[in-house]
Structure formats: C-alpha cells, structure tokens
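Examining the three-dimensional arrangement
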Amino acid sequence: MPVKNRFAELLPEITEWRRDLHEHPELLFDTHRTARVVADKLREFGVDDITTGIGRTGVVGVIKGRTDTSGKVIGLRADMDALPIHEQTGLDYASKTPNAMHACGHDGHTAMLLGAAKYLAETRNFDGTVVVIFQPAEEGGGGGKVMCDDGLMERWNIQEVYGMHNWPGKPVGSFAIRPGPFFAAADEFEIVVEGKGGHAAKPQETVDSTLVASHLVIALQSIVSRNVDPVLQCVVSVTSFETSSKAHNVIPQRVTLRGTVRTLDAGVRDLAERRLAEVAEGTAATFGARADVRYTRGYPVMVNSDTQTDFAAKVAADVSGACDTAPLVMGGEDFAFMLEERPGAYILVGNGDTASVHHPEYNFNDEAIPAGCSWWAEIVEQRMPAAG
Ligand code: NI
C-alpha cells in the first residue's frame, strides 16, 4: 500500500501551513504563535479535546477512533521550535524574524502531524485513541522533558509513543530506523583542580595544579580505553584547559578543565560519570591537590523499543516500499525523554538532496509530506485496527 490518496489531495493545503510556519519561526519555549496556529487547526479539524500550555507552550490533542474496544492510546509527537540562525535560503516564504529560522525542519514535522490529525479526525478508522503531541524547545530546552514532567504520559494514559525527523541526504519520502540506542547522550563536565600557587622557581613550596591537571587529561582517557566495554561506544574529550595565572613565573593556584562525554548506552553513561569523578579526585589526591567535579547531564540516550521499531519499519515499508537501517547518530534528541517513559519508536524520513539540518540554506522538503503523513496515519490504523 503506497502513500494515502487523501494526502496527495491535502498536499497543497499542508504545504501552505508548512510555509506559513516557516515564515514565522519561534525559539525554544517561545512558540506562542505556532502553538496558537496548531490549536486553532486542531479545533477546525474537529479534534475531540485540545489542551494548551502543557510543557509551557506545548499542545496536546485527542482524537477518538470510531470504537474503543481495544482501550489503546498511542501518542504521536512533533516538535515546533526553530533555531537561532539567520536564514539564507532566499525563499519567498523565508523567515521574517532575524536570527530565527526553521533550519531543522520542525515546521515540516508540525505540518505533517497536523495533516495526519486532520485525516484521522475526518476518518476515525481505528479502534482506540490517538494523542497528538506538539512540543516546544527541542533544540536545547528539553521541552520533551518538561511536557513529561507536566504529566503528559499519565494524564492522557499514553501507552506507546512515536516520533519522526526529516533527514537530508536520504531520498525524499524514504525511511530509515534502528532498534535500540539511536541518538547519543551528550553530557558536559567541568573539573576545577585546586593546588597551591606560588613562585615558579620554588616548586617544592607549591602544589602544581598545572602538573596535576596534565596528568588528569591523560588519566581521563583510561575511562574509554580501560573501563568501558570495547564493543560499546564512548567519547571523553577535554576541550578546554584554563590556568588561573598566565604568567611565566607563577605556578597557578587552579586549573579548570572542561569537556564533553558522549555515550549510546545508559550503563556506559553512568559508568563514565562515576569514573570521571573517581579519576579526577584520585589523581588530584595523589599530588596533594583537590578536584571539584561538576557533571551536567544533557539529553539522555534515545532508545527505540524493539517491538515498536519492527512495527514502525513495517509501516514505513508499506508506505514507501522499503525501510533502511539508520546509522547511529552522535547528536542528541529530546524525544529520548518520552521514550524513557513509554515504549515507542523514532524514524527518519528522507528530505532529499538538501543542505544539512542547522545550515542557513536548509529547507524542509514538502515532497516528503505525503509519505510522512501516511506513516503517521498507518501507524494508527495498523496498530489499532478498526473493529469489524
Ligand atoms: Ni530537529
């Protein structure tokens, strides 16, 4: 079964919504206009129940199937926010806001989920309930987490949840997915090595923080090479080394190290965080110094559930003829928070030969809309088949 005919009919209309969103990008949680447009459209489609202000500016819509003997509730999620980039596409519907741009295609994600909501509300050809989730602040604000913290999953009794992202460089309308870890956790650390400063010609009277921190930079690499299982992925990078004194003749009191840890496994992430503190504190103690470690967790590893991934891949193959195995992605994605709370799957849909996401010349490819909308609709109709 190829893309649904209804979405070929709706394509001009959905394209118009997408381009309107593109022209009016909003950052992080400031997606006020976008949320208003989304809520107005859901109302116009006859969606049963619409709630705004979840996760600050998120919108949730409920669409009931013709019957509900299954008792199933499926969440479908799109992100609404843009990026602080100055658009350079030259499009006639380019961003009207300086230094704000839909450079990650969230305009397309929102429009596609709206298209699916319109179709599902007019056909209701399923047995159960669909919850459409429009979230703010995917690009760094953790809007997905804030929506979950607002009780998204419990309040609407969501049992499984699905997400989609466009993917430049992949043929338009084709799909790719992988089970298990998919997008990486990206954490940050800062280590302050406190020694005892003094005269550079009298090292015996000091605790040399520069020497301690140098040992530490090397010792930290033992986390990846000696602690982490070699078949699993982990990156520990020290990216900044800052001494408290820049003089030739002063041994600095303190050195600040900064860096990042990337992992694709929750256990490896815990291990890296724990070892980072142990190695830093232990190395500092060896030399009579002290290390204060601050480890800040960013988005967690995004893990696709096996059953839902198999199902999502089958639906994608139904829509576009095949579904590829996606590569691991070392970038972060805050749909990870939703997948921590409920089983589900996140899929990539091809954006064709365009600039990469987060590039000032990027644009979402409207030709992907029929495939994307069809995948959403088929997820619902196949997971909760109409009774009789
Ligand atoms: Ni994105």
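Below: a short report on this structure. (Residues numbered from 1 in each chain as written. Predicted model: local features only at pLDDT ≥ 70, side-chain atom pairs only at ≥ 80, totals over all residues. Heavy atoms only, no water.)

1. Topic: unusual backbone geometry
Despite not being glycine, N99 has its phi angle at roughly 60 degrees, a positive value. Summarising the element assignment, N99 is placed in the loop between β3 (73–79) and α3 (106–123). Phi at R124 takes a positive value of approximately 50 degrees, unusual for a residue other than glycine. When you line up the elements, R124 lands in the loop between α3 and β4 (129–135). (Helix = DSSP H or I, 4+ residues; strand = E, 2+ residues; numbered from the N terminus.)

2. Section: the pattern of salt bridges
Evaluation of the coordinates by the stated rule reveals 28 salt bridges. Residue D40 pairs with R43 through a salt bridge whose shortest N-O separation is 3.1 Å. Of the two residues, D40 and R43 both sit in helix α2 (residues 32–45), three residues apart, roughly one turn of that helix. Sharing partners across several salt bridges, the network here consists of R18, R19, D107 and D366. (Salt bridge = Lys/Arg side-chain N within 4 Å of Asp/Glu carboxyl O.)

3. Description of the sheet that holds strand β13 (residues 290–296)
Taken together, four strands build an open sheet; the order of strands is β10-β12-β8-β13 and the sheet is antiparallel. Two strands bound the open sheet, and with one partner strand each, they are β10 (234–243) and β13. Strand-to-strand, the axes of this sheet are offset by a mean angle of 20 degrees, without reference to chain direction. With 10 bridges connecting them, strand β8 (residues 185–194) and strand β12 (residues 254–263) associate as antiparallel partners. Across the sheet, the residue bridging to A186 is R262, located in β12. Sitting on the sheet, helix α6 (residues 209–227) is in contact with β8, β10 and β12, with an inclination near 170 degrees to β10. Where helix α7 (residues 266–286) meets the sheet, it contacts β8, β10, β12 and β13, and its direction lies at approximately 165 degrees from that of β13. (Pairing = 2+ DSSP bridges. Axes fitted to C-alpha atoms, helices over the stretch in contact; angles between N-to-C directions. Contact = heavy atoms within 4.5 Å.)

4. Considering the side chain of E138
Examined against the element boundaries, E138 turns out to sit in the loop between β4 and α4 (143–149). Here E138 sits buried without a salt bridge, and the closest side chain of opposite charge, R77, lies 4.8 Å off (N-O distance). The contact partners of E138, leaving out residues within four places of it in the chain, are R77, D79, D81, H106, Y299, G332, E333 and D334. (Buried < 20%, exposed > 50% of the residue type's maximum accessible area, 1.4 Å probe, protein only. Lys, Arg positive; Asp, Glu negative; His and termini not counted.)

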